[in-house]
Amino acid sequence: MTWFNQGMPEWSPFLVGGLTWIYGSDPPTTCPSCSFRWDLPFAAAVDLVSTSPGRIERTLSGRDATVRPVDGTWNAGAYVWHLADLARCWSERWVQVAHEPGSSLVGFDPDDLAAARNYPELPVAPGLWAVRHAVDTLVELTAAVAPEAHFQHGDWGTGTIADGMRWLAHEFHHHEQDMDARAVQPQRIDRAPLAGSTGMET
Ligand SMILES: [Zn+2]
């Protein structure tokens, strides 16, 4: 199944709805925050997601992912748990699509889930384990369904496996950058400037 939406081929109604929800009425083809290209080919989207856990582990290695930003937003660890739960949720959805193509996905508010699980307080190590296993399962299931197999999204309409993976690839790409911006080098927490020093790192 192929859609043509104002010169943006292969964007399903689901993806058009999702992008409009993120960016407004005239969604860009490249995310202005993370430079993700929304015309990313399906295989590249799968590859981006499948390699993300390794990049996340390298990004957070030796850094503190539990420090809460002063503005009260999520810490880096919360994004790890968010991606783990997203990958698991969409894995369940691919099982659904394989059994019942075209069926309606049950929606949920990820902020409600984050509050219920208390993402910012959860430990990071099991989050890294969870996201790696969830991604491995998602990639395995994605290989078992056709990219053009479709589903119904409650708010945005018909989508395909391919556009669902583009959606997830952006989530991983965007939030990897959020983690990198929030994870803190230990010395930046523990070391106070010496009296009379400039306070600059050396
Ligand atoms: Zn982005």
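## A few points about the confidence of the model for the chain
With 87% of its residues at a pLDDT of 70 or more, the chain shows a mean pLDDT of 90. In the model, residues 1–9 has pLDDT below 50 throughout and makes 13 contacts with residues more than four positions away in sequence or in other chains. Predicted confidence is poor over residues 196–202, with pLDDT under 50, and the contacts of this stretch with residues over four places away or in other chains come to one contact.

## A word on helix α6 (residues 161–182)
Here α6 is 22 residues long and its end C-alpha atoms lie 31 Å apart, about the 32 Å a rise of 1.5 Å per residue gives. Within α6, 16 of the 22 residues are buried, which leaves the element mostly enclosed by the surrounding structure.

## Concerning unusual backbone geometry
In this structure, Ser-35 is a non-glycine residue whose phi angle is positive, near 70°. Looking at the secondary structure, you find Ser-35 in the loop between α1 (13–23) and α2 (42–60). According to the C-beta neighbour criterion, Ser-35 is exposed, with 10 such atoms within 10 Å. Positive phi, close to 60°, is recorded for Asn-118, a residue that is not glycine. Take Asn-118: it is sitting in the loop between α4 (110–117) and α5 (124–142). A residue is classified by how many C-beta atoms lie within 10 Å of it, and Asn-118, with 10 of them, is exposed.

Cut-off values and rules
- Residues numbered from 1 in each chain as written.
- Predicted model: local features only at pLDDT ≥ 70, side-chain atom pairs only at ≥ 80, totals over all residues.
- pLDDT = per-residue confidence, 0-100.
- Contact = placed C-beta atoms within 7 Å.
- Helix = DSSP H or I, 4+ residues; strand = E, 2+ residues; numbered from the N terminus.
- Expected span 1.5 Å × (residues − 1).
- Buried ≥ 20, exposed ≤ 12 C-beta atoms within 10 Å, placed from the backbone.

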